[in-house]
Amino acid sequence: MTRIVIVSHSHPALRYGGGEVAAYRQFQHLLAQGEDAWFVGSTIGPEDAARFFGPGQRVLGFSDRDFCMRGMGMDSFSMEHPRIEDEDWTLDFLSSLQGDVYHFHHFWNIGAGTIRRLRGLRPEAQMICTLHEMTAICANHGQMLKTSGELCHAASDVGCAACLNRPPVDFALRRARMAEMLDLFDVLLSPSRFLAERFEGWGIPAGRISVIENGLDHHDPLPETTPESLLHRSRRFAFFGQATPTKGLNVLVRAAELIEAAPPANPITLEVYGVTAEAFSALWPGLKPPEWMQFRGRYRPQDCVSIMQRFGWIIIPSIWWENSPVVIQEARAAGTPMIASDIGGMAEKTEGWGIQFPVGDPAALATAILSVHDRPEILAEHIARIEPPLDMAGFNDAWTKLRV
């Protein structure tokens with residue numbers, strides 16, 4: 001039987017992000033199908049690891065096939081371990097699993113050097129990489145967001161040097177190393193056409209990257225669409241995400257402030273899931289959300305779809321080029337339309353069934369919210385256009401054909 005090792009830069013038991021969730025769902029599906037599947041995640045760095053690992057401990061075992069390595073920190077520019085002994089240990093652990101297929105979801109915390117050496121140790125194994133964002137292209141956390149806050153539309157040695165205050169030759173060498181590493185993979189995947197095109201513009205040959213949306217199994221029955229339920233939901237809006245500067249929660253709060261200044265006649269609800277009021281205040285101490293904007297804190301991933309079904313609209317106001325946010329798939333599974341920033345994978349994946357607004361524009365977001373608030377007929381029209389997301393069986397079929 002083919003042994004499949006799924007490798008992620010993080011573990012969803014410790015950190016709930018889109019890439020690690022997609023990786024873990026793939027692992028769980030393979031196990032359910034009777035495959036010889038293994039999962040290896042990592043903590044993000046030494047600070048995170050100290051919360052979960054004892055002195056000298058390098059691995060957490062969630063089961064006999066499910067592991068989380070202790071992340072020791074990485075050089076975000078070179079994507080290499082600063083200490084060779086940490087790379088040695090990571091390589092030994094991955095190679096000890098004797099995978100016939102290694103599917104990497106990202107390479108942060110794993111290391112470019114680890115991947116090069118694993119390719120040499122196991123030349124007969126098939127190696128696959130899903131590109132969840134643009135770390136190989138952009139040394140600023142892979143977000144193609146300039147340190148000034150502006151969106152970056154294309155990488156260049158001189159432009160990147162001006163942004164990150166390093167010599168242009170450093171970026172030429174980094175691009176060569178990243179391209180060499182990606183060339184080691186037998187298969188490159190992207191969950192969005194947008195991301196594949198960004199890599200092609202950077203230099204990856206056209207057609208080298210296959211586009212397959214991340215899989216999402218969903219079993220929640222769709223909510224009722226009676227006139228009464230549509231009217232109720234059309235007054236209810238929600239945000240699902242993490243407390244990070246690029247998720248655009250500050251844009252949403254400023255939009256809520258504008259709505260507060262001229263509130264609609266009928267009630268409006270806005271709830272925030274995944275972020276506490278304290279976490280928001282720590283990031284944006286100068287902003288005070290209106291009282292009708294409620295912070296609900298963390299939620300269980302398995303509850304996300306059912307929670308989304310209580311609302312008429314899910315808002316995704318991210319200010320960077322999101323590739324394939326898991327909340328978009330979850331909203332489709334919930335049968336709940338979205339109000340989304342008009343860039344990247346958000347624009348691609350909400351086209352036709354969502355409403356888009358200019359990225360980073362609170363006034364435009366407030367206008368978009370008010371344009372659908374208390375409008376059940378508009379909600380019904382957008383619900384009817386939603387197509388269910390690709391399920392795990394569909395993803396696995398497409399994935400299997402590519403790796404054969």
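This text follows the structure it describes.
Residues numbered from 1 in each chain as written. Predicted model: local features only at pLDDT ≥ 70, side-chain atom pairs only at ≥ 80, totals over all residues. Heavy atoms only, no water.

(A) Molecular detail of the overall build of the protein chain. Looking only at helices and strands, the protein chain features 16 helices and 14 strands. The globule rule puts the C-alpha radius of gyration for 404 residues at 22 Å, and the 22 Å found for the protein chain is close to it. Counting the 404 residues in the protein chain, one finds 56% classified as buried. Summarising the internal contacts of the protein chain: among those between residues at least 6 apart in sequence, 72% fall at separations of at least 24. Within the protein chain, one finds 36 positive and 48 negative side-chain charges whose respective centroids are separated by 2 Å. (Helix = DSSP H or I, 4+ residues; strand = E, 2+ residues; numbered from the N terminus. Rg over C-alpha atoms; globule rule 2.2 N^0.38 Å. Buried < 20%, exposed > 50% of the residue type's maximum accessible area, 1.4 Å probe, protein only. Contact = heavy atoms within 4.5 Å. Lys, Arg positive; Asp, Glu negative; His and termini not counted. Charge placed at Lys NZ, Arg CZ, Asp CG, Glu CD.)

(B) A look at the pattern of salt bridges. All told, the structure shown has 24 salt bridges when counted by the stated rule. Between Arg122 and Glu124 there is a salt bridge; the shortest N-O distance is 3.1 Å. Here the salt bridges share partners, and the residues they tie into one network are Arg58, Arg83, Glu85 and Asp86. (Salt bridge = Lys/Arg side-chain N within 4 Å of Asp/Glu carboxyl O.)

(C) Examining the sheet that holds strand β9 (residues 236-240) more closely. Strands sit in the order β11-β10-β9-β12-β13-β14 across an open sheet of six strands; the sheet is parallel. The sheet terminates laterally at β11 (293-297) and β14 (355-357), the two strands that pair on one side only. Ignoring strand direction, the axes of neighbouring strands in this sheet form an average angle of 25°. Pairing between strand β10 (residues 269-273) and β11: four bridges, direction parallel. Bridged to Glu271 within β11 is Gln294. Across the sheet, helix α9 (residues 249-261) touches β9, β10, β11 and β12 (313-316), and the angle it forms with β11 is around 150°. (Pairing = 2+ DSSP bridges. Axes fitted to C-alpha atoms, helices over the stretch in contact; angles between N-to-C directions.)

(D) Structural context of the environment of Gly241. Considering the arrangement of structural elements, one finds Gly241 in the loop between β9 and α9. Relative accessible area serves as the criterion here: at 16%, Gly241 is assigned to the buried category. With 31 residues separating them along the chain, Gly241 and Val272 place their C-alpha atoms 8.1 Å apart. Apart from the residues within four sequence positions on either side, Gly241 is in contact with Tyr273, Gly274 and Val275.

(E) The pairing of β12, seen in detail. Of the two faces of β12, both are covered, the one formed by Trp313 and Ile315 as well as the one formed by Ile314 and Ile316. Across three bridges, β9 lies against β12 in parallel orientation. Within β12, the residue paired with Ala238 across the bridge is Ile314. Between the parallel elements β12 and strand β13 (residues 338-341), the chain passes through helix α12 (residues 326-334) in a crossover that is right-handed. (Right-handed = clockwise from strand over helix to strand, strands pointing away.)

(F) Structural detail: the nonpolar core. In this structure, Phe104, Phe107, Leu182, Phe199 and Phe240 are the most contacted members of the largest nonpolar core, which totals 69 residues. The element best represented in this core is α12, accounting for six residues. Residues contacting Phe240, with those up to four places away along its chain left out, are Tyr273, Tyr299, Cys304, Ile307, Met308, Ile314 and Val327. (Core = buried A, V, L, I, M, F, W, Y, C linked by side-chain atoms within 4.5 Å.)

(G) Structural detail: the side chain of Arg198. Topologically, Arg198 is positioned in helix α7 (residues 193-202). The buried charged residue Arg198 lacks any salt bridge partner; its closest oppositely charged side chain belongs to Glu197, at an N-O distance of 7.8 Å. Residues contacting Arg198, with those up to four places away along its chain left out, are Met134, Ile137, Met144, Cys152, His153 and Trp321.

(H) Geometry of the pairing of strand β6 (residues 126-130). Within β6, five of the five residues are buried, leaving the element largely enclosed by the surrounding structure. Burial of the side chains of β6 extends over both faces: Gln126, Ile128 and Thr130 are buried on one face and Met127 and Cys129 on the other. Two elements, β6 and strand β7 (residues 187-190), share three bridges in a ladder whose sense is parallel. Paired with Thr130 across the bridge in β7 is Leu189.

(I) Region of the structure containing the packing of α9 against helix α14 (residues 362-372). At a minimum axis distance of 8 Å, the contact between α9 and α14 shows a crossing angle of 65°. For the pair α9 and α14, the sense of crossing is right-handed. Seen from α9, the contacting residues are Val251, Leu252, Arg254, Ala255, Leu258 and Ile259; seen from α14, they are Pro362, Ala363, Leu365, Ala366, Ile369 and Leu370. For the contact of α9 with α14, the residue count by class is eleven nonpolar, no polar and one charged. (Left-handed = near helix turned anticlockwise from the far one by under 90°. Nonpolar A, V, L, I, M, F, W, Y, C, P; charged D, E, K, R; others polar.)

(J) Layout of unusual backbone geometry. Look at Met79: it is not a glycine, yet its phi comes out positive at around 60°. Relative accessible area serves as the criterion here: at 0%, Met79 is assigned to the buried category. Despite not being glycine, Gln98 has its phi angle at roughly 55°, a positive value. With respect to the helices and strands, Gln98 occurs in the loop between α3 (84-96) and β5 (101-105).

(K) Structural view of the sheet that holds strand β1 (residues 3-8). Spatial strand order, β3-β4-β2-β1-β5-β6-β7-β8: eight strands in an open sheet with mixed pairing. At either end of the open sheet lies a strand with only one pairing partner, and these are β3 (59-63) and β8 (209-211). For this sheet, the mean angle separating the axes of adjacent strands, direction not counted, is 20°. As paired elements, β5 and β6 share five bridges and run parallel to each other. Bridge pairing links Val101 to Gln126 in β6. Sitting on the sheet, α3 touches β1, β2 (36-42), β3, β4 (66-69) and β5, and the angle it makes with β4 is about 170°. Sheet strands in contact with α7 are β7 and β8, and its direction is about 165° off that of β8.

(L) Quick look at the layout of surface pockets. Taken as a whole, the second largest pocket spans an internal volume of roughly 530 Å³. In terms of lining residues, the second largest pocket is bounded by 19 residues, among which Arg25, Gln28, Leu216, Pro301 and Gln302 are the most central. Of all the secondary structure elements, the ones that give two or more residues to the lining of the second largest pocket are α1 (18-32) and α11 (304-308). By residue number, the principal contributor to the lining of the second largest pocket is α1, which donates five residues. Considering only residue class, the lining of the second largest pocket consists of ten nonpolar, five polar and four charged. (1 Å grid on protein atoms, 1.4 Å probe; cavity = no way out; pocket = protein on both sides within 12 Å on 5 of 7 lines; lining within 4 Å. Points joined across faces, edges and corners; volume = space filled by probe spheres on them.)

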